[in-house]
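Working through the structure, step by step
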Amino acid sequence: MLKSCFTTAIISLAILFVPVAQAAEPIVIKFAHVVAEDTPKGKGALLFKKLVEERLAGQVKVEVYPNSTLVGDADEMQALLDNKVQMLAPSLSKFDKYTKQLQVFDLPFLFDDAEAVARFQRREKSRELLRSMIPHGIYGLAYWNNGLKQLSATKALHTPEDANGLAFRIQSSAVIEAQFSAVQAKGVRLPFAEAFKALQSGQVQGAENPWSNIASQNMHTVQPFITESNHGVLNYMLITNGTFWNNLTFAMRSELEGIILEVTQAVNKEAEALNRRDRDRILASGTSKLVTLSPEERDAWRQKMVPVWKSFEEEIGADVIRAALTVNRRH
Ligand code: SIN
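To start, this report covers the structure provided alongside it. The model shown is predicted, which means the values in this text are computed figures rather than measured ones.

1. Some points on the sheet that holds strand β5 (residues 150–153)
In a beta sheet, neighbouring strands pair by backbone hydrogen bonds and run either parallel or antiparallel. The 6 strands are arranged β7-β6-β8-β5-β9-β11 in an open sheet whose pairing can be described as mixed. What marks the edges here is a single partner per strand, and that holds for β7 (186–189) and β11 (289–291). In this sheet, neighbouring strand axes are inclined to one another by 30° on average, regardless of whether the strands run parallel or antiparallel. Direction of pairing for strand β6 (residues 167–170) relative to β7: parallel, over a ladder of 4 bridges. Bridged to A167 within β7 is K186. Helix α6 (residues 174–181) rests against β5, β6, β7 and β8 (206–209) of the sheet, and its axis sits at about 150° to β7.

Printed below as a string of structure tokens:
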């Protein structure tokens, strides 16, 4: 009798626990972005998915939505705040509604080169900026690199005067708008998904992008000239919804943090090579003529655009701009 009671109890316990364990659904991380998969960010998102599904198998599932297929520039941040997506990596130019400090990355000719930007991203001030949107429910996890921006247009841009009167597709950024006003051109804010069409239709005559974004959107096929200006940077912040993140278990968050570190290193190591590859592909395709600036021409662009720093100094903070400038070798 005692034995049969014991057996019944064991069976009941087994029934109680097994279905619970089986019923626990994996947490889903929807990771949406606006670029193609064969780009630094696109590859980063896929590597993140791969590592998470290897190391947190059965616990976390990652769904990647590239090319604005789930949400685009206009609605992605709200979707994150509503927890409809859990991860994004918007360009650093797209955060000014939540913090003005990140506008430092848009200041034209601020950084000597991509290595200087990378150095700044590792500095304490940049680490602080990752946390600057917490009051809005946005938690910064890492900086992901793409690269320096080039100016493309329907005409050759050698001097700032060559840009007078042209319309350029820009990201939604007051600094970038001011940068084009400084050379008597017009910045037209458009979502990334609409950039190619706007260039093709003639709604705008130019744009500014890293090589990888030009190539992956085929913009070079409608832009006969590309000036290698390296005048600014287009990098990303990997972000998540603060409440979603804090509700994960400590163990899960720690595992995800380790994966993010690994993916960030991979993205940032590969970004420059991908941009070099796409530069070579574009030039080999013969669609666009490369305009190389002489030191005097580059200086003329710099002279025109650098006054923009002053007009945004109060919003961004002089300390942030100073911290960014110290990463340049010539400083
Ligand atoms: C991106 O690289 O995420 C797109 C940036 C842009 O809108 O130009």
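Having seen it, we continue.
2. Observations regarding the packing of aromatic side chains
Applying the stated criterion across every chain yields a total of 8 aromatic pairs. On the numbers, 5.7 Å between centres and 45° between planes, the contact of F105 with Y143 is tilted. With F105 in the loop between β3 (87–88) and α4 (114–122) and Y143 in strand β4 (residues 138–148), this residue pair connects regions lying 38 residues apart in the sequence. Across the pair, Y143 and F105 agree in class, each one buried. With centroids separated by 5.8 Å and ring planes inclined at 40°, the aromatic side chains of F111 and F120 adopt a geometry described as tilted. Of the two residues, F111 and F120, both sit in the buried class. Each member of the aromatic cluster is reached from another via a ring pair, and the members are F105, F111, F120 and Y143.

Conventions adopted
- Throughout this document, residue positions are counted from 1 along each chain, in the order its sequence is written.
- For this predicted model, a pLDDT threshold of at least 70 governs which residues receive local features, and a threshold of 80 or more governs which side-chain atom pairs are given and counted, while totals over whole chains, interfaces and linings are taken from all residues.
- Excluded from the side-chain calculations are hydrogens and water; all other atoms, namely the structure's heavy atoms, are used.
- Strands are treated as partners if at least two bridges between them are detected by DSSP.
- Only runs of H or I of at least four residues qualify as helices and only runs of E of at least two qualify as strands under DSSP, and these elements are numbered from the N terminus.
- An axis is simply a line fitted to the C-alpha atoms; with a helix, the fit covers only the stretch in contact. Between two such axes, the angle follows the N-to-C directions and lies from 0 to 180 degrees.
- Here a residue-residue contact requires only that any non-hydrogen atoms of the pair lie within 4.5 Å.
- The criterion for an aromatic pair is that two Phe, Tyr or Trp rings (for Trp, the six-membered ring) have centres within 6.5 Å, with stacked assigned to planes under 30 degrees apart, edge-to-face to planes over 60 apart and tilted to the rest.
- Each residue is assigned to one of three classes by its accessible area relative to the maximum for its type, calculated with a 1.4 Å probe on protein chains only: buried under 20%, partly exposed between the two thresholds, exposed over 50%.

None of this, on its own, says anything about what the molecule does.
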